[in-house]
Amino acid sequence: MAIGLIAWGRFFDRAGNKVTVPAPPTDPGKPWLWDFLRGVAPMLGASFDIVQLPPWSLAQGGTAPGCDGYGVFQRRNLNGTRYGSLESLMSAVAALNTHGCQTYADLVLHQMSGENGGPGIFRYPGADGVTINGRGQTTPGWFRGGPVPPFCREDDVPVPIDDNPFGRELSYQNCHPAGVTEGDAIDYLKWSQARTGAVGFRFDDTKGTYAPAVRRIMNALPEATFYSEFFDGNPANLNGWATSPPMNGRSAVEDFTLHFRIQAACNDFDATQLVAGSAGYWQMNPGLAVGFVDNPDTDTSAGQQVVSNKGLAYAYMLSLPMRLALVYGKDYFSNGVWPGAYGLKPLIDNLCWINRMFAIGNYVVRWVDRDVHVGSRDGDGGQIGQSGGLLTALNFNTLTPRTITCGTPFGPNRHLHDYTGHHGDIFTDSNGNATFTIPSNAFSRGESFLCFAPAGVNHPFPSRTFPTTQRYFGAADLDVRPAVNSEQFLPQRLHCTKGSEVSLRIKAQIPIGASLMATVRSAASGDTVSTARVGGGANNHIGRTKQAGWHTVSIEGSGLTDAGQSFELEVTYMGVEG
C-alpha cells in the first residue's frame, strides 16, 4: 500500500467564492503551489510515497483565484496556470523525487473550455509564440453533443445519465476524422509525462468517457500507474468498470463507497456506519481501491463533506488494506500555510508512520457498536515480510471512555505499545485477547483512537531517493524552438542538488556533416557541468554539480538548415528543495 497527498485544495473566500490554493498573504497574486511543494519536499517525503498534483495545463481561467485547471484550454501549455510555471513544476517533481516522493498528475481528457476560433475550434501559437501552429488545434468534429453542426453524436459512455455537460465534451468514439481525439490524447500524455517526469496519473471523469479509448490511452504509457475517478458509491459498479472489459484491471478506482461510509460514521458519531452494507470497495478488491477521507470535490460539495472527527477518519482509513490511501492537503496543512486549512499534519504524520511500519496483512473487524470500532491487521506481508500486526481502536462517544476486551492478531502474552501515545503499554492474555480503554472523543476533537502493535519499534521508515528524468522536445508546434546554428538557452532551467550527476542524451535526425551540442551550466557561476553531442565527433561528458541551485540548459547546432532542427533532449539529475 502506498500513501499519497492530494497536494492542493479548494477554499472559500469571505464572499463565498471558491478559491483554489490560497496565495501567500505576502504576495496574493503569485502562482506558487509548485514552488511551495519544492520547498517542503523533505517534509513530504518523510510521510508520503506519492504527491497528487492538480491539473497542470493552461485552463480557461488562467491564474484566477477560482481556476482549478479542469476547464482545460491548451493541453501542451504548462505555463500561466494558477499553480506556477513549467520550470517550477519540473523543479518540484525533481525535489520530491530526491526525497522519495513520486508525482501523479491529474489527467483531464473529458472536456475543453475557452474555444477561441468559433464553436469547437481551439487555436494555439507554436514555439515562437506568434505563429498559430501549436499542436492540438481542434475542429468541431472533435466534440460531441453540441447544438451547432458538425458536432458528433454522443459516445457510448459508461453512465450517460451522470455525464454532466462541462465545457466542450470530447468525442473518442464518434469524432471525425476517426481517431483524431484519441491520437491527440495519447500524444499529449506521452509528451507531458516525459516533460515533467511524473510516474502516474489520476484519470478524471471516466464515468463520462468512452471506456475503450480510456484503456487504449492508458496502454500508450504502459510503465505509468493510473487510478480513475468513477464517481459511484456502489462497490459493484466500481468493480464492474474496473475489472470488466475493456479496463480489465488496468486502472485502480477512487473508493467513493469508503468515503461515504466514513462520512456517515464521522458526521453522525456512529461507528456502525463503517460496516453498514459494504464497508468500501477495498473490501471487495483492495488491489484496485484508492481510499480517501475527503478530496477537493467532496469537501466543497453539500452533503458530501466529512465535517467532524477527521482524525478518527484517518486513523481508520490508514489501517485498511488498499492500493493507495490519499490524504487531502486541506486536512493536512495548517491554517498558516493555507488559510482555512485544518492542520492535522502531526496526527496524520504519526498515522502514516504507523501504517508504513505495521499495517500489512489481512484485515479483521474485532469489535463494533455505535461508539466503538476495532479492527486489526495480522502483519503477514508475504514476500515483503512480517510487521507484527496492528490493532486500531476508535471511540466516537464524546463523553465516555470505553474499556474493551477483544481478540487480537498478536498471540498470547505479547507486549504491545500504543503508538499514538494515548494509552500505556499492555499485554495480551493467554488467549491472545487484549483489554484497553479508548479515551472519550472530548470536544469532538477526533483524537480518540489507539494503535497497538508490538512494543520496541522506534526507528524511522527507511528513506528512498529517485533520480529525475525530464525531456525537452524542440519542435515548431510545441513549446521549445527547434535548434539553430547558434546557442539557444532552453526555456526551463534545472534545480539540482550539490554533487548531482547530470547526464544528457540527444535524439535528432541531423544532416550529414551537422552536429548538435547540449550543455548544462551553473546559472550562478557559468561553469559547465555536462555536455552531449551528436554528429561531428559525438561524445558525452557526464559531470557533477558543484553547488545546489539553478542550472541552465542550452542547445547549439552546426551545419543545420535554415529551417532549424527538431530534437529531443533527455536530462537526468537529482533535484533539490529550496
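All of the points below concern the structure found in this document. (Residues numbered from 1 in each chain as written. Predicted model: local features only at pLDDT ≥ 70, side-chain atom pairs only at ≥ 80, totals over all residues. Heavy atoms only, no water.)

## Brief notes about the overall build of the protein
No. 1: Assigned secondary structure in the protein consists of 12 helices and 33 strands.
No. 2: By the compact-globule yardstick of 25 Å for 578 residues, the protein fits well, its C-alpha radius of gyration being 26 Å.
No. 3: Seen along its three principal axes, the alpha-carbon backbone of the protein occupies a region of about 85 × 60 × 45 Å.
No. 4: By the burial criterion, 58% of the 578 residues in the protein qualify as buried.
No. 5: Taking contacts inside the protein between residues at least 6 apart in sequence as the whole, the part at least 24 apart equals 70%.
No. 6: Total accessible area computed for the protein in this model is approximately 21600 Å², and 51% of it derives from carbon and sulfur atoms.
No. 7: Of the side chains in the protein, 43 bear a positive and 50 a negative charge, and the two mean positions are spaced by 4 Å. (Helix = DSSP H or I, 4+ residues; strand = E, 2+ residues; numbered from the N terminus. Rg over C-alpha atoms; globule rule 2.2 N^0.38 Å. Buried < 20%, exposed > 50% of the residue type's maximum accessible area, 1.4 Å probe, protein only. Contact = heavy atoms within 4.5 Å. Areas by Shrake-Rupley, 256 points an atom, 1.4 Å probe, with all protein chains shown as cover. Lys, Arg positive; Asp, Glu negative; His and termini not counted. Charge placed at Lys NZ, Arg CZ, Asp CG, Glu CD.)

## Considerations on the packing of aromatic side chains
No. 1: Taken as a whole and assessed by the stated rule, the structure comprises 23 aromatic pairs.
No. 2: Between W32 and F36, the aromatic rings sit 4.9 Å apart at their centres with planes inclined by 55°, giving tilted as the arrangement.
No. 3: A relative accessible area of 12% places W32 in the buried class.
No. 4: Through pairs of rings, three or more aromatic residues link up here, namely F11, W32, F36, F48, Y332, F333 and W338.
No. 5: Looking at K330, its charged tip hangs above the ring of F11, at a distance of 4.8 Å from the centre.
No. 6: One residue, R493, lies across the ring of W550, its end atom 4.3 Å from the ring centre. (Phe/Tyr/Trp six-rings, centres within 6.5 Å; stacked < 30°, edge-to-face > 60°. Lys NZ or Arg CZ within 6 Å of the ring centre and 35° of its normal.)

## Regarding helix α7 (residues 256-268)
No. 1: Compared with the 18 Å implied by 1.5 Å per residue over 13 residues, the 18 Å span of α7 between its first and last C-alpha is a close match.
No. 2: Along α7, 10 of the 13 residues are buried, which leaves the element largely enclosed by surrounding structure.
No. 3: Buried-residue contacts for α7 involve α6 (235-243), β13 (252-254), α8 (281-284), β14 (289-292), α9 (296-299) and α10 (310-317).
No. 4: Among the residues of α7, the N-terminal cap falls to D255, whose side-chain oxygen and the backbone nitrogen of T257 are separated by 3.3 Å.
No. 5: Positioned one or two residues after α7, F269 has a phi angle of 55°, which is positive. (Expected span 1.5 Å × (residues − 1). Polar contact = N/O pair within 3.5 Å; in protein donor to acceptor, adjacent residues only side chain to side chain.)

## Focus: the pairing of strand β23 (residues 449-454)
No. 1: Summarising burial for β23: 6 of the 6 residues are buried, a large majority.
No. 2: The pairing of strand β18 (residues 390-395) with β23 spans 4 bridges and is classified as antiparallel. Paired with T392 across the bridge in β23 is C451. (Pairing = 2+ DSSP bridges.)

## Points about unusual backbone geometry
Phi is mostly negative for residues that are not glycine, and the peptide bonds are mostly trans.
No. 1: With an omega of 0°, the peptide bond running from H176 to P177 counts as cis.
No. 2: Cis geometry marks the peptide bond from P245 to P246; its omega dihedral reads 5°.
No. 3: We note that N248 has phi near 50°; this positive angle belongs to a residue other than glycine.
No. 4: Tracing the backbone through its elements, the reader meets N248 in the loop between α6 and β13.
No. 5: Owing to a relative accessible area of 46%, N248 belongs among the partly exposed residues under this scheme.
No. 6: Despite not being glycine, F269 has its phi angle at roughly 55°, a positive value.
No. 7: Note that F269 resides in the loop between α7 and α8.
No. 8: Using a relative accessible area of 23% as the deciding quantity, one classes F269 as partly exposed.

## Re the sheet that holds strand β10 (residues 168-170)
No. 1: Judged by pairing direction, the sheet is antiparallel, and its 3 strands sit side by side in the order β8-β10-β9 without closing on themselves. A single partner strand is all that each edge strand has here, and the edge strands are β8 (111-112) and β9 (143-144).

## Describing the sheet that holds strand β1 (residues 2-6)
Note: strands within a sheet are paired through backbone hydrogen bonds, in either parallel or antiparallel orientation.
No. 1: Reading around the barrel, the 8 strands line up as β1-β4-β7-β11-β12-β13-β14-β15 and close back on themselves, with parallel pairing between neighbours. Each adjacent strand pair in this sheet contributes to an overall mean axis angle of 25°, direction not counted.
No. 2: One ladder, built from 3 bridges, connects β14 with strand β15 (residues 324-328); its direction is parallel. Bridge pairing in β15 places G291 opposite A325. (Axes fitted to C-alpha atoms, helices over the stretch in contact; angles between N-to-C directions.)

## Some words on the packing of helix α4 (residues 180-196) against helix α5 (residues 211-219)
No. 1: Close contact between α4 and α5 brings their axes to 9 Å; oriented N to C, the two are set at 30°. With respect to their mutual orientation, α4 and α5 come out roughly parallel. Crossing angle aside, the handedness with which α4 passes α5 is right-handed. Residues E182, A185, I186 and L189 of α4 lie in contact with α5, whose contacting residues are A213, R216 and I217.
No. 2: Tallied by class, residues from the contact of α4 with α5 come to 5 nonpolar, no polar and 2 charged. (Parallel < 35°, antiparallel > 145°, perpendicular 65-115°, else oblique. Left-handed = near helix turned anticlockwise from the far one by under 90°. Nonpolar A, V, L, I, M, F, W, Y, C, P; charged D, E, K, R; others polar.)

## Re a nonpolar patch on the surface
No. 1: The grouping of V275, V365 and V368 at the surface amounts to a nonpolar patch, some 190 Å² of accessible area in total.
No. 2: Structurally, the position occupied by V365 is in strand β16 (residues 363-368). (Patch = residues over 30% accessible without salt bridge, like charges linked within 9 Å, V, L, I, M, F, W, Y side chains within 5 Å. Salt bridge = Lys/Arg side-chain N within 4 Å of Asp/Glu carboxyl O.)

## A closer look at the side chain of R250
No. 1: Along the chain, R250 falls in the loop between α6 and β13.
No. 2: Look at R250: it is buried, it has no salt bridge, and the nearest opposite charge is E223 at 7.0 Å.
No. 3: Within polar-contact distance, the side chain of R250 engages the backbone oxygen of L221 at 3.2 Å.

## Looking at the pattern of salt bridges
No. 1: Under the defined criterion, the tally for this structure stands at 36 salt bridges.
No. 2: Here R75 ties to D184 by a salt bridge, and the two come within 2.8 Å at their closest N and O atoms. Here the residue R75 occupies a position in the loop between β6 (72-74) and α3 (86-98), and D184 occupies one in helix α4, the gap between them amounting to 109 residues. Of the two residues, R75 and D184, both sit in the buried class.
No. 3: Between D204 and R202 there is a salt bridge whose closest N-O contact spans 3.0 Å.

Any functional reading would require information beyond the geometric quantities listed.
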